[in-house]
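If you want the building blocks of each chain, they are given just below.
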Protein chains: 2
Amino acid sequence: MLAVSTPPSFLRIADETLSDLALFADIPAAVRMHFAEKARHKALHKGQILFLQTEPAEWFYVIRRGWMKLFRETLEGQEAVIDMLCEQHVLGETALFHGDAYSYSAQAVEPVELVMLPLSMLRYHLEKTPKLAVNLLAHTARKDRQRSHEVEQMTTQNAAQRIGCFLLKLCDKDAPQGSTQLYLPYDKTLIAARLGMKPETFSRALAKLKADLALQIQGATVGIPNVAALTEYSCNHCSQGTPF
Amino acid sequence: MLAVSTPPSFLRIADETLSDLALFADIPAAVRMHFAEKARHKALHKGQILFLQTEPAEWFYVIRRGWMKLFRETLEGQEAVIDMLCEQHVLGETALFHGDAYSYSAQAVEPVELVMLPLSMLRYHLEKTPKLAVNLLAHTARKDRQRSHEVEQMTTQNAAQRIGCFLLKLCDKDAPQGSTQLYLPYDKTLIAARLGMKPETFSRALAKLKADLALQIQGATVGIPNVAALTEYSCNHCSQGTPF
């Protein structure tokens, strides 16, 4: 089979860990075990950079816990957040189709645990294991749909409506009507960046949401007195309807 | 092999036509011929709808000639253009991962020729032919990179710079320095929509570009007196540098 050198300092992980990842669902056991032999556990502290854009890529990653920020920097040094990923998401794998270099930078926004795996092994098994390629295609198709939804939102929704949609996605799907309370997954500066807004635009839009819909916001806690009203406020300006 | 019913009224296409498509590059001949048996030629006139968002999906398409617009409509009826695709691009295939329904609408913006193929056959062969899955992954990865670039641009560039980038992508890669002349691929209203701008924002930004960089625009013809100046104007605000 394929020979891959691995840094000895990282913790090895068990085959069962890979079984829990959607990327490896229904993959033949022999293939999964081959990955498990080379897979390593990786822990990042808050703020730690995992890799930088244009860096030669040898590894790809699957998140097990925590939030990662994907970003790019313009030649003038301005940062654009292009994605925020949480558990089960794959990152760095597109380097396979990008000249073996990462096409974005990745940073932990809180303590994060990942599985790291060799890109050469992904390339090898994609060509041999159709189910692995189909799993990765499904992952990429989901991301593509999400991104095209973002492009749509930037075109058709105002800032307050986009924040409203972001909040609704955090709501409990089982109780989407009356009042509810939820917790922001990462800090407001990042939410603004994720939604492609300047911090001052975000603050103004949040103030408008609070005024229009009586939202209560204290730190990371958001109280929504009327979820149905927020849905009407945000979702009529979207092709997808309610995000529940 | 898989049985697929096909409408008899469409023109059948030759195996060689599929060989010209990147999606079928290096696919085993037997698989390509299986697709060719069921593939049909489809011609659309300007403005013709190919399929609508949420419609049950039975076919996917590869463009052979012309521009297709992918769009979504909000519940209030506002249209958001989420992509413009030209030859070699695949469309409708993500329905495989979206409950067998199209996740956007598709319309021809000029006379368009496509190859139409059964989604059920794509599903069948993706599970059996790794190279087909890898080709589709490469296509999706390119689109993902392009989309994340758009999200970045919406965050970091002003409207004039985004139009500048759009024009630079149309420039001849071999002569990217002095003056040049190019042709807009589709009409200005669509370019505005593709860039996620309201028509009035687009007009103002185009006027600014004309004033700042002495662009000459007559109908679909754009004269750029100094490509290097346009590059500096647009690309310093982007992580990718010049699009050449």
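Residues numbered from 1 in each chain as written. Chains lettered and ligands numbered in written order. Predicted model: local features only at pLDDT ≥ 70, side-chain atom pairs only at ≥ 80, totals over all residues. Heavy atoms only, no water.

1. Here's the deal with the side chain of A:Thr140
With respect to the element layout, A:Thr140 can be found in helix H4 (residues 130-156). Here A:Leu136 takes part through its backbone oxygen, which lies 2.7 Å from a polar atom of the side chain of A:Thr140. (Helix = DSSP H or I, 4+ residues; strand = E, 2+ residues; numbered from the N terminus. Polar contact = N/O pair within 3.5 Å; in protein donor to acceptor, adjacent residues only side chain to side chain.)

2. Some thoughts on the interface of chain B and chain A
Contacts between the two partners involve 48 residues from chain B, matched on the other side by 49 residues from chain A. Buried area between chain B and chain A, summed over both chains or domains, comes out near 4,500 Å², and the portion from carbon and sulfur atoms is 63%. In this assembly, chain B and chain A are joined by four salt bridges. The salt bridge involving A:Asp144 is made with B:Arg147; its shortest N-O contact spans 2.9 Å. Counting only elements with at least two residues in the side of chain B that touches chain A, the list comes to strand S5 (68-73), strand S6 (79-85) and helix H4 (130-156) of chain B. The greatest single-element share of the side of chain B that touches chain A, amounting to 21 residues, is contributed by H4(B). For the side of chain B that touches chain A, the residue count by class is 17 nonpolar, 17 polar and 14 charged. (Contact = heavy atoms within 4.5 Å. Buried area = accessible area lost by both parts, 1.4 Å probe. Salt bridge = Lys/Arg side-chain N within 4 Å of Asp/Glu carboxyl O. Nonpolar A, V, L, I, M, F, W, Y, C, P; charged D, E, K, R; others polar.)

3. Details of the relation of the copies chain B and chain A
Overlay of chain B on chain A (RMSD 0.0 Å): rotation 180 degrees, translation along the axis 0.0 Å. On the angle and the small slide along the axis, the relation comes out as a two-fold axis. The position closest to the rotation axis in chain B is occupied by the C-alpha of B:Pro130, lying 2.4 Å away. The residues that chain B uses at the interface reappear at the interface of chain A in 100% of cases, marking a shared surface. (Least-squares fit on C-alpha atoms with pLDDT ≥ 70 in both.)

4. Considerations on the packing of helix H3 (residues 119-126) of chain A against H4(A)
All names here are of chain A. The N-to-C vectors of H3 and H4 enclose an angle of 115 degrees; their axes lie 7 Å apart at closest approach. If you check the angle between H3 and H4, you find them roughly perpendicular. On H4, the residues touching Leu122, His125 and Leu126 of H3 are Leu132, Ala133 and Leu136. A class-by-class count of the residues in the contact of H3 with H4 yields five nonpolar, one polar and no charged. (Axes fitted to C-alpha atoms, helices over the stretch in contact; angles between N-to-C directions. Parallel < 35°, antiparallel > 145°, perpendicular 65-115°, else oblique.)

5. Topic: unusual backbone geometry
All names here are of chain A. Unlike most non-glycine residues, Asp26 shows phi in positive territory, near 60 degrees. Its place among the elements puts Asp26 in the loop between helix H1 (15-19) and helix H2 (29-38). Classification of Asp26 as exposed rests on a relative accessible area of 67%. In the Ramachandran plot, Gln88 falls in the positive-phi region, its phi being about 80 degrees despite a non-glycine side chain. When you line up the elements, Gln88 lands in the loop between strand S6 (79-85) and strand S7 (90-91). On the basis of relative accessible area, Gln88 is assigned to the partly exposed category, the value being 31%. (Buried < 20%, exposed > 50% of the residue type's maximum accessible area, 1.4 Å probe, protein only.)

6. Looking at the nonpolar core
A:Leu91 and B:Leu91 are the most contacted members of the largest nonpolar core, which has 90 residues in total. Ignoring sequence-local partners within four residues, the contact set of B:Leu91 consists of B:Leu50, B:Phe51, B:Phe60, B:Tyr61, B:Ile63, B:Met68, B:Leu70, B:Leu85, B:Tyr104, B:Ala106 and B:Leu114. Formed by 33 residues, the second largest nonpolar core is a distinct cluster that contains A:Leu190, A:Ile191, A:Leu195 and A:Val222. (Core = buried A, V, L, I, M, F, W, Y, C linked by side-chain atoms within 4.5 Å.)

7. Focus: the confidence of the model for chain A
Residues and elements named next belong to chain A. Averaged over every residue, the pLDDT of chain A is 88; residues scoring 70 or more account for 92%. Mean pLDDT values for the elements of chain A range from 64 in strand S1 (residues 11-12) up to 98 in strand S3 (residues 49-51). On the interface metric, ipTM, the complex scores 0.81, and its pTM is 0.84. (pLDDT = per-residue confidence, 0-100.)

8. What to know about the sheet that holds strand S12 (residues 221-224) of chain B
Residue and element names in this part refer to chain B. What the three strands build is an open sheet, ordered S10-S12-S11; its pairing is antiparallel. This sheet does not close on itself; its edge strands, each paired only once, are strand S10 (180-183) and strand S11 (216-218). Looking at each pair of strands side by side, their axes are set apart by 15 degrees on average, direction ignored. Taken together, the three bridges between S11 and S12 define a ladder with antiparallel strand orientation. Pairing of Gln216 across the sheet is with Gly223, part of S12. (Pairing = 2+ DSSP bridges.)

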